[in-house]
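# Reading the structure
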Amino acid sequence: MKPNNCNNGFLVTILSREMVRTFILYGSEGCHLCEDAEALLVACLNPEKHQVDLIDIAYDDRLMGRFATQIPVLEDEQGDVLNWPFSAEQLRAFVG
């Protein structure tokens with residue numbers, strides 16, 4: 001029996017959503033290093049495979065205590081972090 005094209009398209013959509021990795025970039029407004037990190041993320045990451053949420057630590061005392069002297073910091077789904085400064089090569093290795 002030949003597979004239904006509609007079902008195949010649906011399966012491809014589900015599989016491609018599962019392959020998207022989500023990251024958090026912790027930073028703060030007006031942080032020039034954070035802007036540099038954002039530019040590197042835009043240049044290096046594939047939006048079909050990587051999603052990055054930007055979190056401003058200034059609005060969360062817990063995050064401020066954790067990252068105030070370290071931003072920008074990129075965190076993956078498992079809680080592993082990549083601290084700035086990082087190169088394009090280090091970024092690519094981190095995101096897989």
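One structure accompanies this document, and this report is about it. (Residues numbered from 1 in each chain as written. Predicted model: local features only at pLDDT ≥ 70, side-chain atom pairs only at ≥ 80, totals over all residues. Heavy atoms only, no water.)

Moving on to the overall build of the chain. In terms of helices and strands, the chain carries four helices and four strands. Sequence-ordered secondary structure for the chain, helices as α and strands as β, is α-β-α-β-α-β-β-α. In the chain, which comprises 96 residues, the share counted as buried stands at 28%. In the chain, 67% of the contacts between residues at least 6 apart in sequence involve partners at least 24 apart. Just so you have it, the chain exposes about 6700 Å², and 55% of that area is on carbon and sulfur atoms. (Helix = DSSP H or I, 4+ residues; strand = E, 2+ residues; numbered from the N terminus. Buried < 20%, exposed > 50% of the residue type's maximum accessible area, 1.4 Å probe, protein only. Contact = heavy atoms within 4.5 Å. Areas by Shrake-Rupley, 256 points an atom, 1.4 Å probe, with all protein chains shown as cover.)

Turning our eyes to something else, we now look at the layout of surface pockets. Of the pockets and cavities examined, the largest pocket occupies roughly 160 Å³. If you list the elements that add at least two residues to the lining of the largest pocket, you get strand 1 (21-27), helix 2 (32-44) and strand 2 (50-56). Residue classes in the lining of the largest pocket are distributed as six nonpolar, three polar and four charged. (1 Å grid on protein atoms, 1.4 Å probe; cavity = no way out; pocket = protein on both sides within 12 Å on 5 of 7 lines; lining within 4 Å. Points joined across faces, edges and corners; volume = space filled by probe spheres on them. Nonpolar A, V, L, I, M, F, W, Y, C, P; charged D, E, K, R; others polar.)

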